[in-house]
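Architecture at a glance
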Amino acid sequence: MATEIHSHSPESPQPSGTVTFLFTDIEGSTERWERDRNAMAAALRRHDVLMRSTIAARGGYVFKTIGDAFCAAFGTAANAIAAALAAQRALMDEDFSAVDGVFVRMALHTGTADERDSDYFGPAVNRVARLLAVGHGGQILVSGITADLLQGEMPAECSLYDLGSHRLKDLARPEHFYQLIASGLRQNFPALRSLDELPNNLPLQLTSFVGREQDVSAIKQLLLHNRLVTLVGTGGAGKTRCAVQVAAELLDDFSDGVWFVELAPISAGSLVTAEIAQALGVREGLNQPPLNALLNYLKRRRLLLVLDNCEHVIEDARTAAATILRGCPDVRIFATSRASLSIAGEQTFRLPSLAVPPAGDAVTAKTAQQYGAVALFLDRALASDARFALSDENAPFVTRICRRLDGIPLAIELAAARVKVLTPRRLSEILDERFRVLTGGDRTVMPRHQTMRALIDWSYDLLTDQERNVFRKLSIFAGDFTLASATAVCRDDALDELAVLEVLTSLVDKSLVQADTAGEARYSLLESTRQYGHEKLVASGEHHATADAHAAAFLETAEQLDRTYYTTPDREWFAQVEADSENWWAALEWALTADGDVLLGQQLAGTLHRVWGFLWVAQGRRWVRAALERVDATTPQSVVARLELAEAYIDATLEQYKTSYDAAERALALYREIDDPLRIAEALRRAGHALIKLGRLAQGEALLDEALAAARKLRARRLTGALLEHLAVARVAQNDLVGARAHFAEALAIHKAGGAEFSVAQVAAGLAEAEFQAGNAETALTLAHEFLAATRGTASSARMTANALLNVAAYLVALARYDEAQSHTREALTLARGQQLAVAVLWALQHLAAIGALRQCDDPSTALVKRMRSARLLGYVDSRFATLETIREYTEQQEYDKIRAALHESLGLDELISLMNQGGEWNEDEAVAEALLV
């Protein structure tokens, strides 16, 4: 009966603000279901009718049912207590003898809660659920807050009986309990199932438990089915807090209690057994080893033993745990450590960082706090400064803080404490100095938990010299990395690949390195850990040599990818590229702007030319230009040629064909001197393609034909396909659609055979242009949609999707489907600006100008405003095209001609020229702002 049903009484509106919650469930329902399902089903149906009717009659809002549990909200505490009393009386009057009675426990608590999708979330909801869990069937429990609100509002002849303060399983401050006393209700019940009544020594927690609900549920299941579970995680991940919470929630499952053993304060492993015995209250017998006394005590007990912070005494903790498990069959052990205990039968749960909103997602206050890391930040910030509020304005900065801190709870808590003196914006800006910022933790906890530096010091000091050496060098990686990359950076006379793997595995086990083994194993360091390791690397004097080794390793990776481009399917190739991107940026930063190896940086910037063109155009332009600026007489010709070829490729991607041609010509001259046939063909391709786009068709085709002959001779199939595409475009420009289709068809066959999915999509785009020029706009639109579908969600999606959206928009404008065209164009404009695709931005602005000029408008004054805006936009586009030396092809030119004609007719030539001149003075931001008003 765990099915969750969201429902509410239609006549009862959903309360908001301060709400009194009534939670109920049937005590012992599982046993009754197992005994007689049919009878229990009938009883539950009647129970549900009574609960709903009594709640609705008093203005309650049932927002959730889970099995036999009801969750209701009331606008006032008086209505909630009246509903609870009526429901208990109605249930007692009903004949439930077929199931030996239905005994419902109830709890009321008042507070504010977040409302979302007709549901409630937050501490008040969690608190009433905890309150319900300690009660008994037939009992109505009332929290102290609700009791205060009921002063003078109690139902007639009812009173509240003071049950005193009790700790709940959320381990926070004790709650003052009351029991409703009324005629007809049972009054005497066993002691509440609170932490004060159940055997345990769980420490009181001064802060709320936030963001780990799914982890707690998973760990509980492991502990109920395994005798040893170890909670493993990096320092500051919240292992202790999570373990204590799990232990509290399992109190009812262990008749002899749950016992917490804190091992962090002890300095010698020999004290582990004594510490366990002390927690359990076991005294050593005369002439009896401590472990024997402990085993004698535990042998006949059913309990859960929590061994917290085992890492620094792991050998002795392992010995004690293994001995207890062998000799005490009803004892279960829950350990926390930065490494597993490595005992047979052990189940390890690696505690992840708290969830953060994905990078790039727009966040609001409402969406951000659904993620555990942001929820924790908000909770701790409010504890530090009650005036703090999460808003739509500061939510992006809070999200950035949580992401920069890798979702590590301790780091987030330390950062949140700073809201007393720093705004979230300022705090996010200075987090690069995190080890100075993240101080001032709770002075009552272990010193190693008071600051991030002390926390990682603790882990670092426990490493061997060899582990420290590798850990420091691993901090040079900017993103994740493979074993091969780690070996290239860390290898020395004492460490071969196998030894590096062994040390890497040990660092993973100790939670200083993260491992992702879903595909090819890749490793990473959390940002805080990486920054700590980097400081140690610099202090050791090893930074320069390690950075050089790192850059050399990723140059080799880039060269391997470049060699295999023509023979690797697109998706596989792009996956490899994206995996290493952050390390390439770091290597280039070191080599070209720091005290690194300039030649190595130049080689890397040039080798990545395909990567720049496909994925990161703006970054590529910056790095290639930085590399070219460092060229001198000592730079090898082959390196200069590769950089010029990269420049040509990048400029072509940006549709800046004049500069692309110039760079390709320089590369071609150098490659002819070097006599590199494949690179000559690639340079010819770039030069020929640029000439076609510049309208110099005969010259361009001649270069492309020369390149095609060389590519066929070299059996460079993918290059052959690309050259055929360019020649097809040249044929389209000369209105030779038969020749264009033949070239496209051959290119398509080559690309499909080689797994070049994105090239296949580009062929579809080329065919669309051909069909549009032939007058088949609907066919062109269909092909363009195929291109768009193929680009979405791919590695190169931003650039290619922007172009695909612009193609679709152009055909929609031609078909007078302006609303659809506007939607596609606006999306393309956002992507193009994000990728710094200057020409694509201009195409988008022209499409929006066309929509403003050509779409009919019933209001003449509104129509005039839109056409004047379109005229200015057109002037801006013309001005920028002149600067970039870009020409319009058929599709854009016919659209442009339509716009000019429509504006000429409605505005007159003199007004049109004047408005276009005004637009020519705009900057991009002004033009985009106006375009979005179309």
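These notes cover the structure that comes with them. In this text, all values refer to a predicted model and were calculated from it rather than measured experimentally. (Residues numbered from 1 in each chain as written. Predicted model: local features only at pLDDT ≥ 70, side-chain atom pairs only at ≥ 80, totals over all residues. Heavy atoms only, no water.)

Across its full length, the protein chain carries 42 helices and 17 strands. The proportion of buried residues among the 934 residues of the protein chain is 55%. In the protein chain, the share of contacts with a sequence separation of at least 24, taken over all contacts with a separation of at least 6, comes to 71%. Carbon together with sulfur atoms contributes 50% to the accessible area of the protein chain, which is approximately 39000 Å² in total. (Helix = DSSP H or I, 4+ residues; strand = E, 2+ residues; numbered from the N terminus. Buried < 20%, exposed > 50% of the residue type's maximum accessible area, 1.4 Å probe, protein only. Contact = heavy atoms within 4.5 Å. Areas by Shrake-Rupley, 256 points an atom, 1.4 Å probe, with all protein chains shown as cover.)

This part takes up the sheet that holds strand E15 (residues 347-350). Pairing is parallel in the open sheet, where 5 strands are placed in the order E12-E13-E14-E11-E15. Each of the sheet's edge strands pairs with one partner strand only, and the pair in question is strand E12 (258-262) and E15. The average angle at which neighbouring strand axes cross in this sheet is 20 degrees, direction not considered. Strand direction decides the pairing type here: strand E13 (residues 303-308) and strand E14 (residues 331-337), joined by 5 bridges, are parallel. The residue bridging valine 306 from the neighbouring strand is phenylalanine 334, located in E14. (Pairing = 2+ DSSP bridges. Axes fitted to C-alpha atoms, helices over the stretch in contact; angles between N-to-C directions.)

What follows concerns the environment of leucine 668. With respect to the element layout, leucine 668 can be found in helix H29 (residues 657-674). By relative accessible area, leucine 668 is classed as buried at 6%. Put simply, leucine 668 and phenylalanine 177 are 491 residues apart on the chain and 85 Å apart in space, counted from C-alpha to C-alpha. If sequence neighbours within four positions are ignored, leucine 668 has contacts with Ile680, Ala683 and Leu684.

What follows covers the packing of aromatic side chains. Overall, the coordinates contain 17 aromatic pairs when judged by the stated rule. Ring centres of phenylalanine 772 and tyrosine 811 lie 5.0 Å apart, and the angle between their planes is 35 degrees; on these two criteria the pair is classed as tilted. Here the residue phenylalanine 772 occupies a position in helix H34 (residues 757-773), and tyrosine 811 occupies one in helix H36 (residues 797-814), the gap between them amounting to 39 residues. Tyrosine 811 matches phenylalanine 772 in its accessibility class, with the two residues each being buried. Taken together, Phe21, Phe23, Phe63 and Tyr120 form an aromatic cluster joined through their ring pairs. Directly above the aromatic system of tyrosine 661 lies the positively charged group of arginine 696, at a separation of 5.3 Å from the ring centroid. The aromatic ring of tyrosine 896 is capped on one face by arginine 888, whose charged end is 3.9 Å from the ring centroid. (Phe/Tyr/Trp six-rings, centres within 6.5 Å; stacked < 30°, edge-to-face > 60°. Lys NZ or Arg CZ within 6 Å of the ring centre and 35° of its normal.)

This part takes up helix H12 (residues 372-384). Across its 13 residues, H12 extends 18 Å between first and last C-alpha, which sits within 8% of the 18 Å expected from 1.5 Å per residue. Among the residues making up H12, those that are buried are Gly372, Ala373, Val374, Leu376, Phe377, Leu378, Arg380 and Ala381. Residues of H12 that are buried in the fold lie against helix H11 (365-368), helix H13 (395-404), helix H14 (409-416) and helix H15 (424-429). (Expected span 1.5 Å × (residues − 1).)

Let's shift gears to the pattern of salt bridges. Across all of its chains, the model carries 38 salt bridges by this definition. Put simply, aspartate 736 and arginine 731 hold a salt bridge, and the shortest N to O gap is 3.1 Å. Among the ionic contacts, a cluster of salt bridges with common partners joins Asp562, Arg610, Arg642, Arg679 and Glu682. (Salt bridge = Lys/Arg side-chain N within 4 Å of Asp/Glu carboxyl O.)

Next up on the list: the pairing of strand E2 (residues 18-26). Taking burial as the measure, the 9 residues of E2 include 8 buried ones, the bulk of the element. Bridge analysis of E2 against strand E5 (residues 104-112) gives 9 bridges, and the strand direction is antiparallel. Among the inter-strand pairings, threonine 24 is bridged to a residue of E5, identified as methionine 106. Inspection of the sheet shows E2 paired to strand E4 (residues 69-74) by 5 bridges, in the antiparallel sense. Bridge assignment links threonine 24 to a residue of E4, and that residue is phenylalanine 70.

Time to look at the side chain of aspartate 68. Relative to the elements of secondary structure, aspartate 68 occurs in the loop between strand E3 (61-66) and E4. One buried charged residue, aspartate 68, forms no salt bridge at all, with the nearest opposite charge on arginine 105 at 7.8 Å. Looking at aspartate 68, its side chain comes within polar contact range of the main-chain nitrogen of isoleucine 26, at 3.3 Å. Setting aside its immediate chain neighbours within four residues, aspartate 68 contacts Thr24, Asp25, Ile26, Ser29, Leu44 and His47. (Lys, Arg positive; Asp, Glu negative; His and termini not counted. Polar contact = N/O pair within 3.5 Å; in protein donor to acceptor, adjacent residues only side chain to side chain.)

As a further point, take the nonpolar core. Within the largest apolar cluster, 165 residues are counted, with the highest numbers of intra-cluster contacts made by Leu474, Leu507, Trp584 and Leu845. Per-element tally for this core: the top contributor is helix H38 (residues 838-854), with 13 residues. One finds Leu50, Leu85, Ala90 and Leu91 within the second-largest nonpolar core, a separate group that totals 38 residues. (Core = buried A, V, L, I, M, F, W, Y, C linked by side-chain atoms within 4.5 Å.)

The buried fraction of E3 amounts to 5 of the 6 residues, a majority that puts the element mostly inside the structure. What sits between the antiparallel neighbours E3 and E4 is a turn of 2 residues, in which glycine 67 has the positive phi angle 65 degrees.

Let us look at the state of the cysteines. Using the criterion set out here, one finds 0 disulfides in the structure. This cysteine, cysteine 402, is not joined by any disulfide, and cysteine 242 carries the nearest cysteine sulfur, 18 Å off. (Disulfide = S-S within 2.5 Å.)

Of note, the phi angle at arginine 715 is positive, near 60 degrees, even though the residue is not glycine. Mapped onto the elements of the fold, arginine 715 is located in the loop between helix H31 (697-714) and helix H32 (717-733). With a phi angle near 65 degrees, asparagine 735 is a residue other than glycine that sits in the positive phi range. Summarising the element assignment, asparagine 735 is placed in the loop between H32 and helix H33 (737-753). Overall, asparagine 735 belongs to the exposed group, its relative accessible area being 52%.

Once that is clear, we can look at helix H30 (residues 677-693). Counted at 1.5 Å a residue, the expected span for H30 with its 17 residues is 24 Å, and the 24 Å between its end C-alpha atoms agrees. The element H30 is largely enclosed, with a buried count of 15 among its 17 residues.

Take the side chain of aspartate 25 next. Along the chain, aspartate 25 falls in strand E2. A distance of 2.7 Å separates a polar atom in the side chain of aspartate 25 from a polar atom in the side chain of arginine 105. Setting aside residues no more than four positions away along its own chain, aspartate 25 makes contact with Asp68, Ala69, Phe103, Val104, Arg105 and Leu132.

All right, on to the packing of helix H2 (residues 37-57) against helix H3 (residues 77-93) then. It is at 9 Å that the axes of H2 and H3 come closest, and there the two elements cross at 150 degrees. Accordingly, the angle class assigned to the pair H2 and H3 is roughly antiparallel. Here H2 runs over H3; the crossing is right-handed. Facing His47, Leu50, Met51, Thr54 and Ile55 of H2, the residues of H3 in contact are Ala83, Ala86, Ala87, Ala90 and Leu91. Of the residues assigned to the contact of H2 with H3, the class counts are 8 nonpolar, 2 polar and no charged. (Parallel < 35°, antiparallel > 145°, perpendicular 65-115°, else oblique. Left-handed = near helix turned anticlockwise from the far one by under 90°. Nonpolar A, V, L, I, M, F, W, Y, C, P; charged D, E, K, R; others polar.)

A separate point is the environment of isoleucine 476. Mapped onto the elements of the fold, isoleucine 476 is located in the loop between helix H18 (465-474) and helix H19 (483-490). It is 9.4 Å that separates the C-alpha atoms of isoleucine 476 and alanine 587, two residues lying 111 residues apart in sequence. Setting aside residues up to four positions removed in sequence, isoleucine 476 forms contacts with Val489, Leu537, His543, Thr546, Ala547 and His550.

The next point concerns the packing of H33 against H34. In the contact formed by H33 and H34, the axes pass within 9 Å of each other and the chain directions differ by 165 degrees. As judged from the angle between their axes, H33 and H34 are roughly antiparallel. H34 is crossed by H33, and the crossing has left-handed handedness. In this structure, H33 contributes Leu737, Arg741, Phe744, Ala747, Leu748, His751 and Lys752 to the contact, and H34 contributes Ser759, Val760, Val763, Gly766, Leu767, Ala770 and Glu771.

Everything listed here is a matter of geometry and, on its own, says nothing about what the molecule does.
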